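Chain by chain, the residues run as shown.
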Amino acid sequence: MATKKKNDKRSSCGTEAQLDELRAALEGGDRLLILTHDNPDPDALASAFALYRLVETFDDTSARIAFGGFVGRAENRTMVHELGLPITPTWAVKFEDVDRIALVDTQPGTGNNSLPEDREAAVVIDHHPIRDETRRARFWDVRTQCGSSCTIMTQYLEAAGIPLKGRVATALFYGIQSETQDLGREAGDADIEASLKLYPGADRELISRIRYPDLPRAYFQSLHRALERARTRGPVLISYVGKLDYPDLVAELADFFLRFEGAKWAFCIGLFEDSILISIRTSSRDAQAGQLLRRVVRSDGVAGGHGMMAGARVPIGHLSAEDARLKSEELVNRFIKELGVEDEVGGALLSTTATSGG
Ligand SMILES: [Mn+2]
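All residue numbers here refer to positions counted from 1 along the written sequence of the relevant chain. Local features are withheld for residues below a pLDDT of 70 in this predicted model, meaning they are given only at 70 or higher, and side-chain atom pairs are given and counted only at 80 or more; totals for whole chains, interfaces and linings count all residues. Hydrogens and water are ignored here; the side-chain numbers use all heavy atoms of the structure.

> In this structure, what is going on with the coordination of the manganese ion? I would like to understand it.
Tetrahedral coordination by four donors places them ideally at 109.5 degrees to one another around the metal; octahedral coordination by six donors ideally gives 90 or 180 degrees. A donor here means any N, O or S atom no more than 2.8 Å from the metal (3.2 Å for Na, K and Ca); water is not included, so a site may seem to lack partners. The coordination sphere of the manganese ion, as far as protein atoms go, consists of Asp 43 (OD), Asp 105 (OD), His 127 (NE2) and Glu 179 (OE), spread over 2.1 to 2.4 Å. Donor residues for the manganese ion, ordered by position in the chain, follow D-x61-D-x21-H-x51-E. Of this pair, His 127 sits in the loop between β5 (123–126) and β6 (139–142) while Glu 179 is found in helix α5 (residues 166–180), placing the two residues 52 residues apart along the sequence. There is no split in this pair, since His 127 and Glu 179 are both buried. The helix and strand labels rest on DSSP assignments: H or I over at least four residues marks a helix, E over at least two residues marks a strand, and numbering proceeds from the N terminus. Relative accessibility decides the category of a residue: with a 1.4 Å probe and only protein chains considered, values under 20% of the type maximum give buried, values over 50% give exposed, and everything between is partly exposed.

What follows is the structure, given as structure tokens:
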């Protein structure tokens, strides 16, 4: 019904046929597990919730949602709480009791999810670049032209005739806005179209509470530390945050630091448990941040992402604090080299004598 621009290659079609295939892959399974990526963000949480709602309409099918890692960011915790999302940490899941696994907002073999090595995903729904392992799933739908997994799930709900209102519409709407920075980052026509369909049925007061939650003192302490340690190198802003209170804090800070007027890139790095975590952001649309970060991390860890954002995890085992710091420095230096900004001027972000133009 919506009139699409002639050159629009971003909107997809055929979701109704795909819905039948998805149903065939899942129907009749009462021990289905929907798994998001570790440390799930709003896109992962909401798209998992939407699949859960969709599965409820299938005959004799029931599902649970599980995630590895933590829900740390205050906005995300508030989202889970306010929307009453039925999610379980993977440590509480007995995988031997699970018949089928559906991955959302992630894929097999990425290293950013808790799919056991001896298990295959029956279903994969995602918007990150397709991986070979994904093609082994009974059903997969990977659309890199979509800015969020929520956009894809919105189309499935619509195809299934599930009303876009209440908690599911609120979750999906917020998921798209959060993932695309209000449709400004990696968003296309399909994301806009989905947002317009979800908006009337979304609980806007609740979204406001999710967006502006109370923040713990630890958050301000981390922010203080990250700011103190932030340095510029030409168009790059780098911050070594040290110990992280929760894993996705690096992503949150990278978003924040990219807003520095001189920054085209933000690189945040910190420690959580036995890993170094990295998050990068860029304002240039054709940067291929995911591939760049993979070249930085090499075989030291796992990295992935899309054009303007990417993340990585480098396991450090039992390295001492000093060795972990040195390893972090090495990774920062590789990033600087990879971008070719070694010779650019730099300095502390908060130094009043910081070089202009940096
Ligand atoms: Mn996503």
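> What am I meant to see in the nonpolar core here?
Side chains that are nonpolar tend, in soluble globular proteins, to be buried together. Take the buried residues of types Ala, Val, Leu, Ile, Met, Phe, Trp, Tyr and Cys, join any two whose side-chain atoms come within 4.5 Å, and each joined set is a nonpolar core. Judged by nonpolar contacts, the single largest core of 52 residues is most densely connected at Leu 51, Leu 54 and Ile 125. With nine residues, the single largest contributor to this core is helix α2 (residues 42–56). The criterion used for residue contact is that any of the two residues' heavy atoms lie within 4.5 Å. Contact partners of Leu 51, with chain neighbours within four places excluded, come to Leu 22, Ile 34, Ala 102, Val 104, Ile 125 and Met 153. Among the nonpolar cores identified, the runner-up in size contains 27 residues, and Ala 287, Val 296, Ile 316 and Val 332 belong to it.

> Which parts of the structure should I look at to understand the sheet that holds strand β13 (residues 346–348)?
Through backbone hydrogen bonds, the strands of a sheet pair up, either in parallel or in antiparallel fashion. At least two bridges found by DSSP between two strands are what make those strands a pair. As summarised here, the arrangement of the seven strands in space is β11-β12-β10-β9-β8-β7-β13, forming an open sheet in which the pairing is mixed. Two strands close off the open sheet at either side, each with one partner strand: β11 (302–305) and β13. Taking the axes of each pair of neighbouring strands and ignoring which way they run, one obtains an average angle of 15 degrees across the sheet. For β11 and strand β12 (residues 309–315), the ladder comprises four bridges, and the chain directions are antiparallel. Bridge pairing in β12 links Val 302 to Arg 313. Axis definition: a line fit to C-alpha positions, over the contact stretch in the case of helices; interaxial angles, taken between N-to-C directions, run 0 to 180 degrees. Those strands touched by helix α10 (residues 289–297) are β9 (265–272), β10 (275–282), β11 and β12, and its axis lies near 20 degrees from that of β12. Lying over the sheet, helix α11 (residues 321–339) contacts β7 (231–233), β8 (236–243), β9, β10 and β12, oriented at roughly 160 degrees with respect to β9.

Interpretation note: all reported values are geometric properties and have no functional meaning in isolation.
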